[in-house]
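Architecture and fold: a report
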Amino acid sequence: MILLGVNIDHVATLRNARGVNYPSPLEAALVAETAGADLITLHLREDRRHIKDEDVRLMRRALKTRMNLEMALTPEMLDHALAIRPDDVCLVPEKREELTTEGGLDVERYFDQVRDYTRQLSAAGIRVSLFIDPTETSLSAAVEAGAPVVELHTGRYADAIGQAARQSELARIRDAAEIGVYKGLVVNAGHGLNYHNVQPVAAIAEIRELNIGHAIVAQALFTGFDRAVRDMKALMVEARRAA
Ligand SMILES: CC(=O)[C@@H](O)[C@H](O)COP(=O)(O)O
Ligand SMILES: NCC(=O)COP(=O)(O)O
């Protein structure tokens, strides 16, 4: 089975463009759940460029599936997570100047902090995922830090130019997924996945969940949010069945 986490960050991007209260990220999340999303992902960035604190609070009360809160490795975000108690937290790297997440969390460099946050969040009943590059080093560090879940950064695969480069990046993801499961991790994946590149990743049997946002929100402008979610889920399920 392959699960779809719909990231609704960029519904908030559109809302914030005019400082009004529409489109509502919460409404989008509820539509996504009805359309087949298995969980809702949202990234409360330090700069609040899209998702706001109120979005997180509203969603925590209203979601019927799971809430996967993406957050940076900071005391402020840890406090937020311990107060909100999402089902899942995904620790992601963050740089103010970045357009979007550029790479995986450097678990080795921030090992003590990652392990400490993982312990505190786990003790609060929150499942911890680490957003990492698809490398054995990162996988080993994640296991040592005590994280039960990793999300493999698929950005280099999504941005690869040419069939050879794409196949090479896909092989990295496939190898990392196999190693991750062998090490006892739940392996998810995400970033930059769209209707044209999702199926080879969804076909990797070791991957449990894909988190997809930007492409779904973009497609929703033309087909509506319900259809955009259903179409993405159908592509994923079809690819997994054919694998
Ligand atoms: C961690 C990840 O790949 C995305 O979920 C993240 O949300 C990207 O950040 P933006 O949504 O701000 O582009
Ligand atoms: N962690 C990946 C995610 O939640 C969505 O990333 P994207 O599809 O918006 O690039």
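Residues numbered from 1 in each chain as written. Chains lettered and ligands numbered in written order. Predicted model: local features only at pLDDT ≥ 70, side-chain atom pairs only at ≥ 80, totals over all residues. Heavy atoms only, no water.

Turning our eyes to something else, we now look at the UniProt feature "site: Transition state stabilizer" (unreviewed entry) in the protein. UniProt's entry tags Glu-151 with the feature "site: Transition state stabilizer" (unreviewed entry), counted in the numbering of this structure. The residue Glu-151 is located in strand E6 (residues 149-153) in this model. According to the relative accessible area criterion, Glu-151 is buried, its value standing at 2%. With residues up to four places along the chain from it excluded, the contact list for Glu-151 reads Glu-70, Cys-90, Ser-129, Leu-130, Phe-131, Ile-132, Asn-188, Ala-189, Gly-190 and Asn-211. (UniProt positions renumbered as here; feature names shortened; annotations may be inferred. Helix = DSSP H or I, 4+ residues; strand = E, 2+ residues; numbered from the N terminus. Buried < 20%, exposed > 50% of the residue type's maximum accessible area, 1.4 Å probe, protein only. Contact = heavy atoms within 4.5 Å.)

Another aspect to go through is the site of ligand 1. Close contacts around ligand 1 come from Asn-7, Asp-9, His-10, His-43, Arg-45, His-50, Glu-70, Val-92, Thr-100, Thr-101, Phe-131 and His-191, and that covers them all. Separating an oxygen atom of ligand 1 from a side-chain N or O atom of Arg-45 is a distance of 2.7 Å. Taking His-191, its side chain carries an N or O atom lying 2.5 Å from an oxygen atom of ligand 1. Protein chains bury 93% of the 350 Å² of accessible surface belonging to ligand 1 in isolation. (Near = heavy atom within 4 Å. Polar contact = N/O pair within 3.5 Å; in protein donor to acceptor, adjacent residues only side chain to side chain. Areas by Shrake-Rupley, 256 points an atom, 1.4 Å probe, with all protein chains shown as cover.)

UniProt's entry tags His-43, Glu-70 and His-191 with the feature "active site" (unreviewed entry), counted in the numbering of this structure. Spanning 149 residues, the named residues nonetheless gather at one spot, since no C-alpha pair among them exceeds 12.3 Å. Here His-191 shows up in the loop between strand E7 (186-190) and helix H9 (198-202). Among the residues examined, His-191 registers a relative accessible area of 22% and is labelled partly exposed. Ignoring any residue separated from it by four or fewer positions in sequence, one finds His-191 in contact with Thr-100, Thr-101, Phe-131, His-153, Thr-154, Gly-155, Ala-158 and Asn-211.

This part is about the side chain of Thr-101. Inspection of the secondary structure puts Thr-101 in the loop between strand E4 (88-91) and helix H5 (111-123). Residue class for Thr-101 comes out buried when judged on its relative accessible area of 10%. Leave out the neighbours within four places in its chain, and Thr-101 touches His-43, Arg-45, Pro-93, Phe-131, His-153 and His-191.

Position of Ala-17 relative to the elements: it lies in the loop between helix H1 (9-16) and helix H2 (25-35). C-alpha of Ala-17 to C-alpha of Lys-52: the two residues are 35 residues apart in sequence and 13 Å apart in space.

With that settled, consider the nonpolar core. By size, the foremost hydrophobic cluster in this structure holds 74 residues, and its most contacted members are Leu-210 and Phe-225. Here the element with the most residues in this core is helix H11 (residues 225-242); it accounts for six residues. Once you skip the residues sitting within four places of it in the chain, Leu-210 turns out to touch Ile-2, Leu-3, Leu-4, Gly-5, Ala-189, Leu-193, Val-198, Val-201, Ala-202 and Met-236. (Core = buried A, V, L, I, M, F, W, Y, C linked by side-chain atoms within 4.5 Å.)

A few words now on the environment of Leu-91. Following the sequence through the fold, Leu-91 ends up in strand E4. Taking the C-alpha atoms as reference, Leu-91 lies 9.4 Å from Glu-151; in sequence the two are 60 residues apart. Beyond its immediate sequence surroundings of up to four residues, Leu-91 is in contact with Met-71, Ala-72, Leu-73, Leu-105, Tyr-117, Val-128, Ser-129, Leu-130 and Phe-131.

Bringing the site of ligand 2 into the picture now. The local shell around ligand 2 consists of Asn-7, Thr-41, Glu-70, Phe-131, Glu-151, Gly-190, His-191, Gly-192, Asn-211, Ile-212, Gly-213 and His-214. Glu-70 has a polar side-chain atom sitting 2.8 Å from a nitrogen atom of ligand 2. For ligand 2, whose accessible area on its own is 310 Å², the fraction buried by protein is 92%. Considered class by class, the residues forming the shell around ligand 2 number two nonpolar, eight polar and two charged. (Nonpolar A, V, L, I, M, F, W, Y, C, P; charged D, E, K, R; others polar.)

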